[in-house]
There are 2 protein chains.
Amino acid sequence: MSLLPGSSFSFAHPALFTDLYQLTMMQGYFREGLHTQDATFDLYYRRNPYQGGYAVWAGLEVALDYLEALRFSAADLDYLRSLGLFKEDFLAALESWRFTAQVTAFPEGSVVFPNEPLLTVRGPLWEAQLVETALLNILNFQTLVATKAARCLSAVQTSRYGGSVVEFGTRRAQGPDGALGAARAAVVGGATGTSNVQAAALYGLTPVGTHAHAWVESFPTELEAFRAYARLYPDSTTLLLDTFDTLESGLPNALTVARELRAQGHELRGVRLDSGDLAYLSARVRAALDEAGFPDVQIVASNDLSEFVIESVIREGGRIDVYGVGTQLATGGGEGGGALGGVYKLVALHGEDRMKLTGDPRKTSVPGLKRVWRATDTQGRLVIDVIASLDEPQPQAGARVSDPANPLRNTRLGAGLTWTDPRHVVMEGGQRSGEPEALTTIQARAVADLQRLPEGTRRLLNPHIYRVSLSQDLQGRRDALVAELRERHGL
Amino acid sequence: MSLLPGSSFSFAHPALFTDLYQLTMMQGYFREGLHTQDATFDLYYRRNPYQGGYAVWAGLEVALDYLEALRFSAADLDYLRSLGLFKEDFLAALESWRFTAQVTAFPEGSVVFPNEPLLTVRGPLWEAQLVETALLNILNFQTLVATKAARCLSAVQTSRYGGSVVEFGTRRAQGPDGALGAARAAVVGGATGTSNVQAAALYGLTPVGTHAHAWVESFPTELEAFRAYARLYPDSTTLLLDTFDTLESGLPNALTVARELRAQGHELRGVRLDSGDLAYLSARVRAALDEAGFPDVQIVASNDLSEFVIESVIREGGRIDVYGVGTQLATGGGEGGGALGGVYKLVALHGEDRMKLTGDPRKTSVPGLKRVWRATDTQGRLVIDVIASLDEPQPQAGARVSDPANPLRNTRLGAGLTWTDPRHVVMEGGQRSGEPEALTTIQARAVADLQRLPEGTRRLLNPHIYRVSLSQDLQGRRDALVAELRERHGL
């Protein structure tokens, strides 16, 4: 997949990329003889990002790379020794420590929903504990950005002329691999390229770009600047129109260069708008290009785009072909504050259900080993997901299932549904179960899954809420454990 | 500074960590013979993050590391060749390419304001052009998070009991070095530690932590879990109280363990609250600890904290000693959407002023080589910053200066001010001008600068607006260039 040596993620010291308490707890489990107990943790989130109707699950391949590479180097152990918290027998045990647990997950690029176990780690307690921090870091961010890209694409698809999204956000991304990770995740969610050359090289993406205002300002006139660029890149020039004035200066100069290129047997590839009223300007520029005989010159737009800006520009008659989305895409900005609140919770220990009590039913975890059943209708459209106990059979028509956040809301399953279990074992004994998937495969899965969503689920605001339910059995187990814990703790 | 080999930032391929257009423009400058022209770019931002009154300038040392390391490897050149955009003479020139330009900047940790040139690159055009993307990536993010940390500290300081801030956000940060970079920047802004062990090791920070709910759930009872942890860490245990019920279960069990530890000659270090009404719970827990003879047991709080939550918890009587701020600190969340909108603009080319025209006066750049003069009063408090031409003398009492965004708003400088130029040359000929600064030095500068701000400037919302003005000379040069450009482009 990678065309360059070097990882996109800073895992020079993967084992230390964790919260301190994971390591102090590991030592605790080790000294108490609990470290090899069979533990199961579920990774899930509680609310869709951006108040939307879904998320695009991303980052799994990066997470598996991390798990495979995970070990403690001599330098890592020296650092831990220097903290004065760790004893020699524990540090010695870390020397040969490896991640050997089983990982079950949705395939990367799947469309997923709140409260579903997206990834489950089952294995020795001290292994499953250590990896919490890095798994959440990778998967929260990748899923956040992939979902943002899918939302931008949804907005683009409201135009009858189509269009594409490219990622332009490196300069505002959160550190270098904030940028690299965002470029990767954006492509998972449907973007077709990135301006970041290193990301393109690492992930085999399409690098894209135009030129900056500084280019124009480095020449005596805009026309000379445009001509110089076109001379050098006669088949791949996109001219930035707004250094002085988009319609009065940039557009006529670009038309001149387009005619000159054509006279030499080349075609101008595009023009870029980077300020002003993008709806108005793009419509005017499109009309002028068409009238002058350049219907194939693309209009690229940038300047603080988001899914909402894209939607409104299209609604107001904008004619943009390529949307360069920067800050909002690279940082997962907007409602939700740049973070997906994924969590990783202990749900079983040596086969027994575990959970944390809480006063807030929306935050109550679902204990136990489980499975997700996804139903599709005869058109292949998603209908409902049911979270069930691991050993339960496929759901049956007529069975009652309940809302995880509100057990009083329950419903009967319909007939004529096709049930599948979309999750599968992706890692066993510390090794991937199969070959890493190509980003093109992952992106194709996301695009296909998004098209299978029920009507209204992709709406940007106030979407149709896709149903995720608990089976009767699992709901019963949760109720029983809550009652037992309350009694045991005298609450 | 680093205790571990390996960088925190993913610069395995620093030269490719850029937008494609920087490289295509570089080739253009090279082929047009413009690449060695003397160019000057200013890096600045237009609006304070979080609608606040200032920013804490951070990331300079990281940026200088990047500039020193910057070169094109054989693998980088092979990748560029594969794109079909670059010619062999240009690729050959990149083999020995180095960053040799001069960099002038505010010292890291300085308090800074909108429109000031925070960092200026002056040197060959193709060098200054390439580095735009990475400089903005590093400095935007570091400054965003350092400012967030300073705001959280401001909120903590509204408590007469004091308190400290630690960074707990790795699991929600934007990729691995989103987390590492946030830990570093948070310390610049005044945080005292981080939960991220790799960040602590790389930057010499204090790693901090407690234990998780999973620890408690791994034992038959909460008391057994607490006792096991205290046995292992008798002098550094902080117990998490809310696995079952903070006041009914966690608190009495923690008191039992505190008494047992004391009987063995140790002291419980702290307790942690992670859910519920933190103001109410912390006051109740504080009273119970004090009454039981444990006034030195610290209360650590976490759970979606921000500067605003901290301020309100304190206002309502909360008694927290250590604020573990996660998502909002690690992602610079809140108003502004997780990004600082810093820009990097060409301001001069072979000594002549340059700028981009725009219809929006707030976005009009200030052309030319310049200097920042900062005035303090007799108490050392900051009064005003004046952006002047590079060769102008120190501002004089009575001189008129104008608002960069609104030339009609102008004012006369007062008397009795001490003027200094806080910026200095930090890099020359591709080498740092001095030794790298320690983070402790940088943090101390930030803490001192924040205390020198005028009354009201640190207010979290609707702060006093610190004045940043243009000298008459610089304003005149800008007006002249606007007029000249409009005439030249027939606008």
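Residues numbered from 1 in each chain as written. Chains lettered and ligands numbered in written order. Predicted model: local features only at pLDDT ≥ 70, side-chain atom pairs only at ≥ 80, totals over all residues. Heavy atoms only, no water.

- Chain A carries the name Nicotinate phosphoribosyltransferase in an unreviewed UniProt entry, which gives Deinococcus deserti as its organism.
- In its Sequence similarities (unreviewed entry) section, the UniProt record describing chain A reads: "Belongs to the NAPRTase family."
- If you open the UniProt record of chain A and go to Function (unreviewed entry), you find "Catalyzes the first step in the biosynthesis of NAD from nicotinic acid, the ATP-dependent synthesis of beta-nicotinate D-ribonucleotide from nicotinate and 5-phospho-D-ribose 1-phosphate." (UniProt positions renumbered as here; feature names shortened; annotations may be inferred.)

### Side note on the UniProt feature "domain: Nicotinate phosphoribosyltransferase C-terminal" (unreviewed entry) in chain A
Link 1 in the chain: Those places that UniProt annotates as "domain: Nicotinate phosphoribosyltransferase C-terminal" (unreviewed entry) correspond, in this numbering, to residues 370-475 of chain A.
Link 2 in the chain: End C-alpha to end C-alpha, residues 370-475 of chain A measures 12 Å, and it is 16% helix and 39% strand. (Helix = DSSP H or I, 4+ residues; strand = E, 2+ residues; numbered from the N terminus.)

### Brief notes about the relation of the copies chain A and chain B
Link 1 in the chain: Least-squares fitting of chain A to chain B yields an RMSD of 0.0 Å, with the superposition described by an axial translation of 0.0 Å and a rotation of 180°. One copy is carried onto the other by what is essentially a two-fold rotation axis.
Link 2 in the chain: Looking at chain A, 100% of its interface residues are interface residues in chain B too, so the copies touch through the same face. (Least-squares fit on C-alpha atoms with pLDDT ≥ 70 in both. Contact = heavy atoms within 4.5 Å.)

### Quick word on the sheet that holds strand β9 (residues 270-273) of chain A
Link 1 in the chain: Read across the sheet, six strands follow the order β7-β6-β11-β10-β9-β8 (chain A) without closing on themselves; strand pairing throughout is parallel. Only two strands of the sheet have a single neighbouring strand rather than two, namely β7 (193-194) and β8 (238-240) of chain A. (Pairing = 2+ DSSP bridges.)

### A word on the interface of chain A and chain B
Link 1 in the chain: With 114 residues of chain A at the interface, the matching set in chain B holds 114 residues.
Link 2 in the chain: Counting the surface lost from both chain A and chain B, the interface buries some 8,700 Å², and carbon and sulfur atoms represent 59% of this.
Link 3 in the chain: Counting every contact that joins chain A to chain B gives six salt bridges.
Link 4 in the chain: Residue Glu 32 of chain A pairs with Arg 231 of chain B through a salt bridge whose shortest N-O separation is 2.8 Å.
Link 5 in the chain: At the boundary of chain A and chain B, one finds 41 residue pairs in polar contact (both at pLDDT 80 or more).
Link 6 in the chain: The dominant element in the side of chain A that touches chain B, judged by the number of residues it contributes, is helix α1 (residues 20-31) of chain A, at 10 residues.
Link 7 in the chain: Here the side of chain A that touches chain B is built from residues that sort into 55 nonpolar, 38 polar and 21 charged. (Buried area = accessible area lost by both parts, 1.4 Å probe. Salt bridge = Lys/Arg side-chain N within 4 Å of Asp/Glu carboxyl O. Polar contact = N/O pair within 3.5 Å; in protein donor to acceptor, adjacent residues only side chain to side chain. Nonpolar A, V, L, I, M, F, W, Y, C, P; charged D, E, K, R; others polar.)

### Here we look at the sheet that holds strand β16 (residues 400-403) of chain B
All names here are of chain B.
Link 1 in the chain: The six strands are arranged β17-β16-β21-β15-β14-β18 in an open sheet whose pairing can be described as mixed. In this open sheet, the two strands that pair with only one neighbour each are β17 (406-412) and β18 (418-420). Between one strand axis and the next, the sheet turns by 35° as a mean value, whatever way the strands run.
Link 2 in the chain: When β16 meets strand β21 (residues 467-471), the two strands line up antiparallel, connected through two bridges. Note that in β21 the partner of Val 401 across the bridge is Ser 471.
Link 3 in the chain: Here helix α16 (residues 472-488) sits on the sheet and contacts β14 (370-376), β15 (382-389), β16, β17 and β21; the angle it forms with β21, its principal contact strand, is near 70°. (Axes fitted to C-alpha atoms, helices over the stretch in contact; angles between N-to-C directions.)

### Thoughts on helix α4 (residues 88-95) of chain A
All names here are of chain A.
Link 1 in the chain: Among all positions in α4, only Phe 90, Leu 91, Ala 93 and Leu 94 are buried. Buried positions in α4, seen along its axis, are confined to an arc of 155° and lie on one side of it.
Link 2 in the chain: Buried residues in α4 make contact with α1, α3 (74-82) and α5 (125-130). (Buried < 20%, exposed > 50% of the residue type's maximum accessible area, 1.4 Å probe, protein only. Arc of directions from axis to C-beta.)

### Section: unusual backbone geometry
All names here are of chain A.
Link 1 in the chain: Positioned with a positive phi, Asp 304 is a non-glycine residue whose angle comes to about 55°.
Link 2 in the chain: With respect to the helices and strands, the residue Asp 304 is situated in the loop between β10 (298-301) and α13 (307-315).
Link 3 in the chain: Positive phi outside glycine occurs at Asn 462, with the angle close to 50°.
Link 4 in the chain: Mapped onto the secondary structure, Asn 462 falls in the loop between α15 (439-451) and β21 (467-471).

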